[in-house]
Amino acid sequence: MFSENGELVDEMFGRWKANPGSVDATWQAFFAGMQFAGALPGQPGTGSAPAAASGADLRLQTGVVRLVNWYRQAGHLQARTDPLALAHPTKSPLLAIETYDLSTADLDKTIDASMYFGLEGCPVTLRELLQSLEETYCRTIGAEYMHIDSLEVRRWLAGRMEPVRNRFPMALRQKYRILMTLHQAELFEKFLHTKYVGQKRFSLEGGETLIPVLDAIIERGPALGVKEFIIGMAHRGRLNVLANTLNKPFAEIFNEFEDNYLPMSTHDGDGDVKYHLGFSADIETADGQSVHLSVTPNPSHLEIVNPVVEGRVRAKQRLHGDSERKTGVPILIHGDAAFAGQGVIMETFNLMTLSGYRTGGTVHVVINNQIGFTTNPRDSRSTQYCTDIAKFVQAPVFHVNAEDAEACVAVAELALEFRQQFKRDVVIDLVCYRKWGHNEGDNPGYTQPIQSKVIEKKEPLSRVYAKHLAEETSGGGGVAAHVSEAIGEAFAGKLEEAVQVADTAADEYKQRMQKAYDETKAFVKSGQSRKRGMEGFSGRWKGFTHDYSHAPVATGVPDATLDRVADAVGTFPAGFTPHPNLQKILEARRDNIKARRHLDWGTAEALAFGSLVLEGTPVRLSGQDSRRGTFTQRHAVVVDFNTGADHYPLATLDPKQAAFDVFDSSLSEAAVLGFEYGYALDDPHSLVMWEAQFGDFANGAQVIIDQFLTSGESKWNRSNGLVMLLPHAYEGQGPEHSSARLERFLQMCAEDNMQVVYPTTPAQYFHMLRRQVRRNFRKPLVVMTPKSLLRFTDKKPLEHQAASPVSEFTTGNHFREVLDDQKANPAAVTRVLLCSGKVYYDLAARRDEAKAQSVAVVRLEQFYPWPAEQLAAVLSRFPKCREWVWVQEESQNMGGWSFVEPRLRAMNFPFEYVGRDASASPSTGSHHVHEREQKLLVDGAFAANPSGPIGPGYVGWVEPTAHGPAPANGANGSHGDKDKTATTKMKPGGATA
C-alpha cells in the first residue's frame, strides 16, 4: 500500500502513531495528510481510530478513500453553480465510481466512512456516502480547498461543510432578511431604470444576491470581533451597495443623476461620476451591534483600488492597536474579467502575509457576470475559473450559484469566519449574470445572443427565492434526516405571514424612494443642488485644510535631539556585532553629528526620522530594498554580522516614542504604492513614504499616480500626504536609471494638487520631510532624490558635494523653496544660471574653477506649487544681470524646462535654455558619451554667448515659435551618435533673441 519501501514506512508510521514528534517534519506531514484522506486508521477530526473496513474487501475500502478525496478535490467541476446553464454539468470522469475500481454492485455494501465528517461512527452504505458527497460538493456550492497545503485549514473547512452537506443552519428571521434584501436590491434598480432611462448606472440586475451576501458578512462581523469593514467596489452594483448596504440617502444618489451640481465652495474640486464615489456610515446590525462601513472611491481602473483598500485597513488597525488584525476587515468586490486579467490582483494577493502589508486576510467577492464588457471568458482568460489566480496564495475559493440565495449567504458567513480564524484571503465566486449590457446603453444581444435569450426568460431573484421558500418542507426537501435536524426551524405555517410582511416592507421602500425622488426634482427645479462628494476633513482629518501655503514652517530641532539620534545611530546593543565596514560608517555619522561637522544625505534622513518619532509622529517607509537603501545609504536596519538578527536604531530612541517602521516591499510598484497611498489616506498624522528603487520604477505604478495621487483631491475631496522618493540624476547609468520622469509629474500639476521638489542638500531634505507633517494641510510630495550625491568623497572639495553643516538642522531653520547663491556679489553678476538638482554641483565647481565672479548659480528646490514670490525675490537681487540661463541635465523635452519657461516668462525674466537636445530616450546608454554631453552642457552654461555654438554635433540655439521653443537641433528625426546638447535664447513674451 505504501510502495516497495513498505518496511520503512511501517516503522516510521509506528513511531509517528506513538509520538508524532519522534519523526521529522516531512514524515509528520505525510502521515497527517494520509490520515485526513482516510488512507490511515483514524477520523480526520479527532484522530480516534474506529474499526477499519474488512481486510477481505480492501478493494472496496481503498476505492472509498480515493472517492472521498476526489470529491473534495474535484466536486466543484460537477457543481450546479451556473444559473444560465440549461442542464446539469456533464458527469466528470474524476467523480465516476468506476474510476476507483467500484461498481453499482457495491452501492449497497456497508463501508467505513470515518474519513468523512458527519458520517463517522455511523454504519453507512456506499450509496449513502455518495449521496452525501454529491449534496456537499456538487449542488450549488463548488468548493476549492484541496490545493491548500495546511491540513489544519483543510480539516477546518471540511469539518464545517460535510456534516451539514453545505446547507448551513438558518433561522426563519435570517431567511426573511434574505428575501427582504433581494426585494430592495431589485426595487432600487427598477426604480432607477424607469426614472433615469438610458443613464449609466451599471445595474446589479442578475447579481442582486450580492446585497444579501454583504448583509450577511456585516451582520456576522461584530460577533467575530469586527468593528469596521473597508470596501473596494466594482462599477457594477456600486449604487445599489451604497443605497442598500451603507444606507446612503436616496436623495443624494438621485441628485447625482440630475447632474445639476453647483459648486458650494472653491474646495469642491471637479467631482467624479456617481459610480466612482465613496461613502461611509455606521450601521446597526439586527442584534443592536454597531459596525462602520466605508466604500473607497476609485477610478475606472477598478482593480487598482485593491491595494488602496488594504493600506487603509492597515492604517486603521494600527490606530486601533489591533495587532490581531480582527477589528478591521477589507472586502474587495471584483468583476470576473478584471479579476482574471488585471496584474494588480496578483500583486495585491502577494501582500497577504508580508510583514509590512498584511491585514489579516481579505474577503474577495467576484460578481461573475460570465462576460467582460462584450468579451466571452474563452477570450479573456486561459484558466478554467476567473478565480484561479487566488490559488497561488492558497486561498479557498467558493463558487456559488447566485440563484441560491441561502447558499450564497452561508458561504459569506463561512468566508468571514475563515478569515477571522486563519488571517488569510478567501474568495467567493458569485456566479450570476448581467441582465443588461456593460452599461444600460449597450445591447448584449449583438455579441452574446444565446446568453441574452436565456437571460430574458429569467425570473427576478426575489421570486426565485420566494418559490424556494414555498417549496421548503420540514423534511428538508429530501435531505437526510440528521441534516434536516441541523438546519432547524423551517417556514412551515409561517411562510404566508412572512411574505405578507415582506410585501408591506417592499411597498414602504418604494414610497421612500418616490418621496426622495420628488424632493430632488423640486430641489432641482428651484435651481438648488445638494453638495456632492465625501466630507474630506472629519475624524482623523479634523483641523486640516485644502489650502496650500508657501509660508515657512520652523522645522529645526534642538541640539539635544540631534545628539540623541546620533547616539542611537552609532551605538549597538550588548552582544550585537554589526558588519565591520558598516560599523565604521554608522559611528562616523554619530561622530559627525556630535562634533558638529558636515552631514551627508543618509545622516540627515536619520535625523529627520528620529526627531519626528521622538516628537510623537510615526514614520513609515516602504519600497524595494528600502531598509538598507538601493545605494547603501540608509541602513535603517542593522543586521548582526554573526547571527543575522535585526536591530532598528531609530525604534529604540525612547520607550514613549512613536512607531518607526521601514519595510522591504515585494517587487511591485502598483500594489505597494497603492497600499501606501491608502495608508496615508487614513493616517494624516504619520509620515508615510514610498521609495522607488530607481525613479523610473514609478512607471509601473502610473495608474496610482494618475488616478489617485494627482487627482484624488479634485475628484473625491480626499487629501493625502504620501511622499514618493524617486532617485533621479544623469550619471551615465543608461536610459532607465537616469530619469524619474520629472516632466510627467510637472505636467500633471494644477490647482495646488501636489508638491514636486528637487532638494540639493541634506539639510533641505531634512526640513522637507519634517515640513510634510508640520503643516495644517496634506498634499502628495514627489521628491527627486540623489544617487551619487548620497555620500562624501575625498576626490573633490566638500563645498562641491551634497553636505550640510549641523548648524543648518537646528532650531530656527526651515525648508527653502529657492536657494540663493551666497558666494555671488549681486553688484558683479551679469549672468544667472538657474537650475535644479545635481547639475548645480557641476556648475558650482566650474564657476569656482574659472573664478567667474560675474556668474551666480541659483537653485530652484521646489517646482510646484510654483514659488513665484520667493524666486522673484532672489532673481531681483541681480540688477546688472543681462543673461538669464536655465540649465538642466535632462533632454530639452524632459526635465523642468517646458514647465518653468512660461512661468519665468510671465515673471518677465528672459531665460535661455542650455541642456541636452530633445530626445526620444531619456539618456544615452554610453557612459563615455554621457560624460562628453555633461561637459558640453556645463561649457554651454559658461560660454561667452550661450545662444551660439558650444561644441560639435547637435549644438546651437533654437528659435522659439509663438507656441514656445521649437524643437532643438537634431530633433527633426535625424540620427547619429553625436553629442546631443542645445541652447535656446528667449525674450519676454517668447520673441526670438
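Residues numbered from 1 in each chain as written. Predicted model: local features only at pLDDT ≥ 70, side-chain atom pairs only at ≥ 80, totals over all residues. Heavy atoms only, no water.

Trainee: Help me out: how do you make sense of the sheet that holds strand 12 (residues 619-623) in this one?
Mentor: Hydrogen bonds between backbone atoms are what pair the strands of a sheet, whose relative direction is either parallel or antiparallel. Pairing within the open sheet is mixed, and its seven strands lie in the order 15-12-16-17-19-18-24. With one partner strand each, in any of the chains shown, strand 15 (660-664) and strand 24 (862-864) form the two edges of the open sheet. For this sheet, the mean angle separating the axes of adjacent strands, direction not counted, is 20°. Sheet topology places strand 17 (residues 723-727) next to strand 19 (residues 781-785); five bridges connect them, and they run parallel. For P727, the partnering residue across the bridge sits in strand 19 and is T785. Helix 21 (residues 601-614) rests against strand 12, strand 15 and strand 16 (687-691) of the sheet, and its axis sits at about 140° to strand 12. (Pairing = 2+ DSSP bridges. Helix = DSSP H or I, 4+ residues; strand = E, 2+ residues; numbered from the N terminus. Axes fitted to C-alpha atoms, helices over the stretch in contact; angles between N-to-C directions. Contact = heavy atoms within 4.5 Å.)

Trainee: Any chance you could explain the sheet that holds strand 8 (residues 363-368) here in plain terms?
Mentor: Taken together, the eight strands give an open sheet; going across it, the order is 3-9-10-8-7-4-6-5, and neighbouring strands pair in mixed fashion. Two strands in the sheet have a free side with no partner beyond their single neighbour: strand 3 (141-144) and strand 5 (279-284). Between one strand axis and the next, the sheet turns by 20° as a mean value, whatever way the strands run. Where strand 4 (residues 228-232) lies against strand 7 (residues 328-335), five bridges are found, and the strand directions are parallel.

Trainee: I would appreciate a short explanation of the pairing of strand 7 in the present structure.
Mentor: Across a regular strand the side chains alternate sides, sitting on one face of the sheet and then on the other. Buried residues dominate strand 7, accounting for eight of its eight residues. Side chains G328, P330, L332 and H334 project from strand 7 onto one buried face, and the interleaved V329, I331, I333 and G335 project onto a second face that is buried too. By the bridge criterion, five bridges tie strand 7 to strand 8 in an arrangement that is parallel. Each residue of the ladder has a partner; that of I333, found in strand 8, is V365. (Buried < 20%, exposed > 50% of the residue type's maximum accessible area, 1.4 Å probe, protein only.)

Trainee: When you look at helix 19 (residues 559-570) in this model, what are you seeing that I'm missing?
Mentor: Helical geometry: 3.6 residues make up each α-helical turn, so side chains three or four residues apart lie on a common side. The end-to-end C-alpha distance of helix 19, which contains 12 residues, comes to 16 Å, matching closely the 16 Å that a straight helix rising 1.5 Å per residue would cover. Regarding helix 19, the residues found buried are T561, L562, V565, A566, A568, V569 and G570. (Expected span 1.5 Å × (residues − 1).)

Trainee: What should I look at first to understand the confidence of the model for the protein chain in this one?
Mentor: Where the model shows low pLDDT, its predicted coordinates should not be examined in detail. Within the protein chain, residue pLDDT values average 85, and 84% of them lie at 70 or more. Taken as a whole, residues 984-993 scores under 50 in pLDDT and shows 33 contacts with residues more than four places along the chain or in a different chain. (pLDDT = per-residue confidence, 0-100.)

Trainee: Help me out: how do you make sense of the packing of helix 7 (residues 210-220) against helix 14 (residues 405-422) in this one?
Mentor: Each packed pair of helices is defined by two parameters, the angle between the axes and the distance between the axes. In the contact formed by helix 7 and helix 14, the axes pass within 8 Å of each other and the chain directions differ by 40°. Taken together, the axes of helix 7 and helix 14 are oblique relative to one another. Crossing hand, helix 7 versus helix 14: right-handed. Residues P212, V213, A216, I217 and R220 of helix 7 touch helix 14, and the partners they reach there are C408, V409, A412, E413, L416 and E417. Residues of the contact of helix 7 with helix 14, tallied by class, amount to eight nonpolar, no polar and three charged. (Parallel < 35°, antiparallel > 145°, perpendicular 65-115°, else oblique. Left-handed = near helix turned anticlockwise from the far one by under 90°. Nonpolar A, V, L, I, M, F, W, Y, C, P; charged D, E, K, R; others polar.)

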